[in-house]
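Per-entry structural report
The lines below spell out each chain.
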Number of protein chains: 2
Amino acid sequence: MARPEAIASGPGSRALVVDLIRSSGPISRGELTVTSGLTQPSISNIVRKLLLEGIVRESGRVPSGGGKPRTLIEINPSALYAIGVQLGYESMTFVATGAGGGIVARQLVNGAALDSPGDVTDRLVAQFEAFVAMAGISASTIAGVAVVAPGPRSIDQDRILRSPTLRGWEGYSLSERLMERLDVPILIDNDAAAAAVGEFWTRRVPRTETFAGIYMGTGIGAGIIIDGALHRGASSNSGELGHVSIDLDGKECFCGNRGCVERYAAPAAVVARADQHRDDLMDLSLSFHEDAVAQDFDKLARAAVGGHDVAARLIEESARFLAAAVVSFANLLDLDRLVLAGPGFAVAGSVYARAIRARLVDSAFARQSHGTVVELAANPRDSAAIGAAALVLQSSVSPGHGPQLIRRAQR
Amino acid sequence: MARPEAIASGPGSRALVVDLIRSSGPISRGELTVTSGLTQPSISNIVRKLLLEGIVRESGRVPSGGGKPRTLIEINPSALYAIGVQLGYESMTFVATGAGGGIVARQLVNGAALDSPGDVTDRLVAQFEAFVAMAGISASTIAGVAVVAPGPRSIDQDRILRSPTLRGWEGYSLSERLMERLDVPILIDNDAAAAAVGEFWTRRVPRTETFAGIYMGTGIGAGIIIDGALHRGASSNSGELGHVSIDLDGKECFCGNRGCVERYAAPAAVVARADQHRDDLMDLSLSFHEDAVAQDFDKLARAAVGGHDVAARLIEESARFLAAAVVSFANLLDLDRLVLAGPGFAVAGSVYARAIRARLVDSAFARQSHGTVVELAANPRDSAAIGAAALVLQSSVSPGHGPQLIRRAQR
């Protein structure tokens, strides 16, 4: 029979405990027992190991009702650092976080563009070394580096397949090439999935909520978190919100489907429509060059937020298209909360949030039972890189669950 | 951090073990340990209790590699019976299953139609008593009765709210009224959710699969099963596939949204389109009466399968609409398998399955990584009632998980 709640074995309990300590702030063993649903001996055992490994530390005592004061446990922020890299067409973002998820360093460099995968890997390796040196992070404290990029991944998670923006990467095993060059654990993942995990992690979202991170970069994706766990799907291609059709006989998409919302709402679609209004948009000096879609989109978004009529209409139209797909998404999953993340929401995120909220209020199926909270990421441009770092910490704290950090064989 | 696998506490382990025993057929304790990921002492403990309660039984021994033969455990089919009731506008289906899920009795009677909730409850109670007497099931072996119906439910799960077909039921607490009349545990749920659980239960689907049961009755719904657990969502309104929009500016729907696939693909939409081709459909003697939508739809479906051109075009069009929504569904959840259940698929289910398969093969986002298996329910008309019985067994074996059987206070 179907289990309404999923079942745990050992390693998952450890991840749960770390997650609860991280999300609650300083917490006692007793509170951990209550919140986790695990037994007292299990909690004692897990906490003891985490203390030994330096992942958590004791952080003081608080009086308890009559008895001896309770010792509080918290994440040890300087124990481990995680490096997240968002690899995009136009930019590469490096982020370093401590074990608690706080950002300790950030750097933005040129993206992959049309360079060969080998050249991009060279740059990534050089940049990584410069970045950790700049941040003053010693190699021994690096839990790993996760590189996230748009596009579906293969099931064995070591390749980036058919990325719509990174051409020529098909069949290129980035993780193997990185392993040859870097002596740290490596992980490759999808940017939208990483951003969702990062956004979930930085909020105190109840684990019972159905949570989605919507990511707009070049394309539109989503990460779905159910019962505190990222739903990946068999081929790790869950959450392809950009390929929800809003018009069954609509525009053809590279994916083979028709009417995909990405073809209407993503930056390239907005800039293409702007091209039909060149005369009204002269003042924005858009380049309309295919390598500058993100810059042109940002200019339009800035103008829209600043009250430029034509630009505002274009952005609002994009938001209306996305909102239609989001209502279908909410109806399928009974979403409680969604967060807008990624560079596409960096400038005019509030326009999108407003349009999505309005359409959910008007037409979400469950609106009479509960609302769906729509929030903006605090750092929309860095969400994926921050999320990548979160994936590293997750994988290093709880090996055997989710995408695995892989490391070259020791000689 | 997000857990890639969810965590268990006690009661879930029990449900998992029962589920594994049920789905695998006779199985040894050793195999249970391996498949469940639980410890050997946990398995021994759970199996001992299940044997004591008569839910499982020992079913013989098989030789093992050199050592003493292993004892096999199986579900005890006569320990408990579950009664499932599908409450529809046009019909009410009663099903009784044994603890293993096998159907022991089935009966179809008139549906709720426009009768008052009180009158329908009277009939349901009388029919329930006649049904269990006919099936020779004694009251003491009834684990409970689950009544499932279309429409969203309230969060406290004891009402059927805003059911599009059962008018006048708003605010009527069916479970309380049934509790006053029947001295057995009661459960109320959504028909599509129940059907998905039932279909998942009757297949040996690996628990790692993302599974969906698509249910077409009067409307179109779905139940989503992830990691072996039904995803309900905060308000238990997950899986509203019928309210995935296939045209953002399309037809208005009662739900407040536009372009909902239900307005294009469900039986009422097909019959409404048939109305525009009355001349070509004279031979089918359709009634076009609003109380006879299901019969008219069945006639059209039968004619379509039999090669009637106009009828075939209408059914294929409906299938094309549904397939478009299913691709979006598959893209959001990376579906591995879906099953078509419910009376809407009883006659021309294979036409729908073919259309959905074709569109998934052409345009599902993850099609290069994996296919999505599309299957038909063995008993499409009874899926929801069978699923309801499955929910009873699930709730009685593993209280505290999922919808709860409730029972009147003992005096």
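Residues numbered from 1 in each chain as written. Chains lettered and ligands numbered in written order. Predicted model: local features only at pLDDT ≥ 70, side-chain atom pairs only at ≥ 80, totals over all residues. Heavy atoms only, no water.

1. Section: the overall build of chain A
- A tally of regular secondary structure across chain A gives 12 helices and 13 strands.
- Taken over the C-alpha trace, chain A has a radius of gyration of 22 Å; the compact-globule value for 411 residues is 22 Å, and the two agree within 12%.
- By principal-axis analysis of the C-alpha atoms, chain A measures approximately 75 × 55 × 45 Å.
- Here chain A, with 411 residues, has 61% of them falling under the buried criterion.
- Put simply, of all contacts in chain A between residues at least 6 apart along the chain, 61% involve residues at least 24 apart.
- Charge separation in chain A, taken as the distance between the mean sites of 40 positive and 43 negative side-chain charges, equals 7 Å. (Helix = DSSP H or I, 4+ residues; strand = E, 2+ residues; numbered from the N terminus. Rg over C-alpha atoms; globule rule 2.2 N^0.38 Å. Buried < 20%, exposed > 50% of the residue type's maximum accessible area, 1.4 Å probe, protein only. Contact = heavy atoms within 4.5 Å. Lys, Arg positive; Asp, Glu negative; His and termini not counted. Charge placed at Lys NZ, Arg CZ, Asp CG, Glu CD.)

2. Some thoughts on the packing of helix 9 (residues 293–305) of chain B against helix 10 (residues 309–333) of chain B
All names here are of chain B.
- Two elements in contact, helix 9 and helix 10, have axes separated by 7 Å at closest approach and are oriented at 110 degrees. Comparing their axes, helix 10 and helix 9 come out roughly perpendicular. Residue-level inspection shows Phe-297, Leu-300, Ala-301, Ala-303 and Ala-304 of helix 9 in contact with helix 10, the latter providing Ala-311, Ala-312, Leu-314 and Ile-315.
- Here the residues of the contact of helix 9 with helix 10 are counted per class, giving 9 nonpolar, no polar and no charged. (Axes fitted to C-alpha atoms, helices over the stretch in contact; angles between N-to-C directions. Parallel < 35°, antiparallel > 145°, perpendicular 65-115°, else oblique. Nonpolar A, V, L, I, M, F, W, Y, C, P; charged D, E, K, R; others polar.)

3. Comments concerning helix 10 of chain B
Residues and elements named next belong to chain B.
- If you check helix 10, its first and last C-alpha atoms are 35 Å apart, about what 25 residues at 1.5 Å a residue would give, namely 36 Å.
- Counting buried positions along helix 10 gives 20 out of 25 residues, so the element sits mostly inside the fold.
- Following helix 10 by one or two positions, Asp-334 adopts a phi angle in the positive range, close to 55 degrees. (Expected span 1.5 Å × (residues − 1).)

4. With respect to the sheet that holds strand 6 (residues 103–110) of chain A
Residue and element names in this part refer to chain A.
- In spatial order, the strands read 6-5-4-7-8; together these 5 strands make up an open sheet with mixed pairing. Both edges of this open sheet fall to strand 6 and strand 8 (186–190), since each of them pairs with a single strand only. The sheet shows a mean angle of 20 degrees between the axes of neighbouring strands, taken without regard to direction.
- In this structure, strand 5 (residues 91–98) lies alongside strand 6, joined through 7 bridges in antiparallel fashion. Within strand 6, the residue paired with Ala-96 across the bridge is Ala-105.
- Strand contacts of helix 5 (residues 174–181): strand 4 (81–87), strand 7 (142–149) and strand 8, with the helix running at about 155 degrees to strand 8, the strand carrying the most contacts.
- Here helix 6 (residues 191–202) sits on the sheet and contacts strand 4, strand 7 and strand 8; the angle it forms with strand 8, its principal contact strand, is near 100 degrees. (Pairing = 2+ DSSP bridges.)

5. Digging into the side chain of Arg-273 of chain B
Residues and elements named next belong to chain B.
- Mapped onto the elements of the fold, Arg-273 is located in helix 8 (residues 267–275).
- Residue class for Arg-273 comes out buried when judged on its relative accessible area of 12%.
- The contacts of Arg-273, once residues within four sequence positions are left out, are Lys-251, Tyr-264, Leu-314, Glu-317, Ser-318 and Phe-321.

6. With respect to the packing of aromatic side chains
Residue and element names in this part refer to chain A.
- Counted by the stated rule, this structure contains 10 aromatic pairs over all chains.
- Residues Phe-345 and Tyr-352 carry aromatic rings whose centres are separated by 5.2 Å and whose planes lie at 80 degrees to one another, so their mutual orientation is edge-to-face.
- Its relative accessible area of 0% is what places Tyr-352 among the buried residues.
- Positioned above the aromatic ring of Tyr-264, the side-chain terminus of Lys-251 is 4.8 Å from the ring centre. (Phe/Tyr/Trp six-rings, centres within 6.5 Å; stacked < 30°, edge-to-face > 60°. Lys NZ or Arg CZ within 6 Å of the ring centre and 35° of its normal.)

7. Side note on unusual backbone geometry
- In the Ramachandran plot, Phe-288 of chain A falls in the positive-phi region, its phi being about 55 degrees despite a non-glycine side chain.
- Located in the positive-phi region is Ala-113 of chain B, a residue other than glycine, with phi close to 45 degrees.
- Within the secondary structure, Ala-113 of chain B is located in the loop between strand 6 (103–110) and helix 4 (117–135).
- By relative accessible area, Ala-113 of chain B is classed as partly exposed at 27%.

8. Notes on the pattern of salt bridges
- In this structure the tally under the stated criterion is 36 salt bridges over all chains.
- Salt-bridge contacts for Arg-278 of chain A lead to Asp-275 of chain A; the nearest nitrogen and oxygen are separated by 2.5 Å.
- Taking the relative accessible area as the measure of exposure, Asp-275 of chain A reaches 35% and is therefore partly exposed.
- The partner of Glu-375 of chain B in a salt bridge is Arg-203 of chain B, and the shortest N-O contact between them spans 2.5 Å. Here Glu-375 of chain B, found in strand 13 (residues 373–376), pairs with Arg-203 of chain B, found in the loop between helix 6 (191–202) and strand 9 (211–216); they are 172 residues apart in sequence, far enough to count as distant.
- A cluster of three or more residues bridged by salt bridges with shared partners is formed by Glu-199, Arg-203, Glu-209, Arg-337 and Glu-375 of chain A. (Salt bridge = Lys/Arg side-chain N within 4 Å of Asp/Glu carboxyl O.)

9. So, empty space enclosed by the protein
Residues and elements named next belong to chain B.
- Tallying each qualifying case throughout the model produces 5 cavities of 30 Å³ or more.
- Of the voids in this model, the largest cavity is the one considered here, and its volume is about 100 Å³.
- Lining the largest cavity are 15 residues, with Ala-193, His-231, Arg-232, Ser-236 and Ser-238 sitting closest to its centre.
- Elements represented by at least two residues in the lining of the largest cavity include exactly strand 8 (186–190), strand 10 (220–226) and strand 11 (229–231).
- At 3 residues, strand 10 tops the list of elements feeding residues into the lining of the largest cavity.
- Of the residues belonging to the lining of the largest cavity, the class tally is 4 nonpolar, 7 polar and 4 charged.
- Taken as a whole, the second largest cavity holds about 50 Å³ of empty space. (1 Å grid on protein atoms, 1.4 Å probe; cavity = no way out; pocket = protein on both sides within 12 Å on 5 of 7 lines; lining within 4 Å. Points joined across faces, edges and corners; volume = space filled by probe spheres on them.)

10. Some words on the sheet that holds strand 5 (residues 91–98) of chain B
Residue and element names in this part refer to chain B.
- With respect to topology, 5 strands assemble into an open sheet ordered 6-5-4-7-8, the strand pairing being mixed. Edge positions in the sheet fall to strand 6 and strand 8, since each of these pairs with one other strand and no more. Averaged over all pairs of adjacent strands, the angle between their axes in this sheet comes to 20 degrees, without regard to strand direction.
- Across the sheet, helix 6 touches strand 4 (81–87), strand 7 (142–149) and strand 8, and the angle it forms with strand 8 is around 100 degrees.

11. Some remarks on the pairing of strand 12 (residues 337–341) of chain A
All names here are of chain A.
- In terms of residue burial, strand 12 counts as a mostly covered element, since 5 of its 5 residues are buried.
- Burial along strand 12 is two-sided: the residues Arg-337, Val-339 and Ala-341 and Leu-338 and Leu-340 are all buried.
- Pairing between strand 12 and strand 13 (residues 373–376): 4 bridges, direction parallel. Pairing of Val-339 across the sheet is with Glu-375, part of strand 13.
- Remark: the strand 12/helix 11 (residues 349–363)/strand 13 crossover connection has right-handed handedness. (Right-handed = clockwise from strand over helix to strand, strands pointing away.)

12. Quick word on the pairing of strand 10 of chain B
Residues and elements named next belong to chain B.
- Most of strand 10 is tucked away, with 7 of its 7 residues classed as buried.
- Residues Ile-220, Ala-222, Ile-224 and Ile-226 point to one face of strand 10 and Gly-221, Gly-223 and Ile-225 to the other, with burial holding for every one of them.
- Here strand 9 runs beside strand 10; their pairing, made up of 6 bridges, is antiparallel. Within strand 10, the residue paired with Phe-211 across the bridge is Ile-225.

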